Amino acid sequence: MSKVTFEQLLDAGVHFGHLRRKWNPKMAPYIFAEKNGIHIIDLQKTEAKLDEACAAIKQIAKSGRKILFVATKKQARAIVAEQVQRVSMPYVTERWPGGMLTNFATIRKAVKKMANIERLMNDKQFEAISKRERLQIRREKEKLEKNLGSIADLSRLPSAIFVVDINKEHIAVAEARRLNIPVFAMVDTNVNPDLVDFIIPANDDASKSISIIVEQMVNAIEEGLTERKLDKDQQKDEEEVAEGEERLAVEGMDEEENEGGSEKKRKRTSNAEGSEGQRERRPRKSTPVGGAKKVSKK
């Protein structure tokens, strides 16, 4: 994965913060200076924190777990949707459905309802329904698709969430913190960094800044998924080699047993032939016709 450079962050405007009167004092360690009443973010710390977040999110993706991207800001919707679709991760770019994490079972019911409506629309009997009912079903499906279509493949709670603006997505952050789900987020100078596990100090308003940060995170996920696939292929090859060696060993043992059995059979045959030959060569004892009389002493 190619790391983002200091110049690229500077060109994207990642260093621009908010007005001084809007700042959060807890962001002081990540502020480099103030210019014309606007805080400037320290890009060296941004670069270090971005590398740390990419390494962590890569390990999560490598383990086969899901990361949920949350970005309902107007300037971030299209960017996040386009980038995240590359790695097939769930994302929320419309209104955040309250209780999506803390009341996940209910959200799953809504997703199943959407799937049932889609099945109904593909059925031949759908045309037999009245026009008004068909229109109502289509509208309901469009509404569910708009809000939940991007999380249809999310069968269980995500292992982490990535948030563009934690002030706007404060409900999502609160739900994740309640469930101890790690939070990755772009933090500007007007937010509280203590609410985030992996912070990335950056401008969360400019589309170029959002694009470069999200792209780096998605690249890290993609690299983790690639490594996972390679590890699986390697493990499969090793298992096949082990099975082949085990099969050869079993075949060798069978051959040795067959050879030992035939050798024992040959020995028994030769021993039997030898004993028959000895019986044939052994001289017969001749007994006298009248029998020998014993002389008794008087």
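These numbers were taken from a predicted model, which means no experiment stands behind them.

## Structural notes on the overall build of the protein chain
Within the protein chain, the regular secondary structure consists of seven helices and eight strands. Counting all 298 residues of the protein chain, 37% fall into the buried class. Sequence separation of 24 or more characterises 64% of the internal contacts of the protein chain that already satisfy a separation of 6 or more. Surface accessibility of the protein chain: about 19,400 Å² in total, with carbon and sulfur atoms responsible for 48%.

## So, the sheet that holds strand 4 (residues 67-70)
Neighbouring strands of a sheet are bound in pairs by backbone hydrogen bonds; such pairs are parallel or else antiparallel. Strand order in this open sheet of five strands is 5-4-6-7-8, and the pairing throughout is parallel. Of all the strands in the sheet, the pair left with one neighbour each is strand 5 (91-92) and strand 8 (198-201). Running at roughly 140° to strand 8, helix 2 (residues 43-62) makes contact with strand 4, strand 6 (160-163), strand 7 (183-187) and strand 8 of the sheet.

## Some details on the pairing of strand 3 (residues 38-41)
The pairing of strand 1 (residues 16-19) with strand 3 spans two bridges and is antiparallel. When the bridges of strand 3 are listed, Leu19 appears paired with Ile38. Pairing analysis gives four bridges linking strand 2 (residues 31-35) to strand 3, with the strands arranged antiparallel. Among the inter-strand pairings, Glu34 is bridged to a residue of strand 3, identified as His39. Linking strand 2 to strand 3, which pair antiparallel, is a turn of two residues; within it Asn36 sits at a positive phi near 55°.

## Thoughts on the packing of aromatic side chains
Evaluated as defined, the whole model comprises two aromatic pairs. Ring geometry for Phe184 against Phe198: centres 4.5 Å apart, planes inclined by 10°, an arrangement best described as stacked. Linking Phe184 in strand 7 with Phe198 in strand 8, this pair joins segments that are 14 residues apart in sequence. The exposure class of Phe184 is buried, given its relative accessible area of 0%. By relative accessible area, which is 23% here, Phe198 ends up partly exposed.

## Side note on a positive patch on the surface
A contiguous patch of positive charge, built from Lys74, Arg77, Lys146 and Lys168, is present on the exposed surface. With respect to the secondary-structure elements, Arg77 resides in helix 3 (residues 74-84).

## Topic: the sheet that holds strand 2
Strand order in the open sheet formed by three strands is 1-3-2, and the pairing between neighbours is antiparallel. Every interior strand has two partners, whereas the edge strands, strand 1 and strand 2, have only one. Averaged over all neighbouring strand pairs, the angle between strand axes comes to 30°, with direction disregarded.

## Looking at the pattern of salt bridges
Enumeration according to the criterion identifies twelve salt bridges in this entry. Salt-bridge contacts for Glu52 lead to Lys49; the nearest nitrogen and oxygen are separated by 3.9 Å. Separated by three residues within a single helix, Glu52 and Lys49 lie in helix 2, roughly one turn from each other. Here Glu52 falls in the partly exposed class, since its relative accessible area comes to 41%. Accessibility expressed as a relative area gives 27% for Lys49, which makes it partly exposed.

## Regarding the confidence of the model for the protein chain
In the predicted model, the protein chain carries a mean pLDDT of 84, and 85% of its residues have values of at least 70. Segment residues 291-298 is flagged for pLDDT under 50; beyond a separation of four residues in sequence, or across chains, it makes zero contacts in the model.

Conventions used here
- Residues numbered from 1 in each chain as written.
- Predicted model: local features only at pLDDT ≥ 70, side-chain atom pairs only at ≥ 80, totals over all residues.
- Heavy atoms only, no water.
- Helix = DSSP H or I, 4+ residues; strand = E, 2+ residues; numbered from the N terminus.
- Buried < 20%, exposed > 50% of the residue type's maximum accessible area, 1.4 Å probe, protein only.
- Contact = heavy atoms within 4.5 Å.
- Areas by Shrake-Rupley, 256 points an atom, 1.4 Å probe, with all protein chains shown as cover.
- Pairing = 2+ DSSP bridges.
- Axes fitted to C-alpha atoms, helices over the stretch in contact; angles between N-to-C directions.
- Phe/Tyr/Trp six-rings, centres within 6.5 Å; stacked < 30°, edge-to-face > 60°.
- Patch = residues over 30% accessible without salt bridge, like charges linked within 9 Å, V, L, I, M, F, W, Y side chains within 5 Å.
- Salt bridge = Lys/Arg side-chain N within 4 Å of Asp/Glu carboxyl O.
- Lys, Arg positive; Asp, Glu negative; His and termini not counted.
- Charge placed at Lys NZ, Arg CZ, Asp CG, Glu CD.
- pLDDT = per-residue confidence, 0-100.

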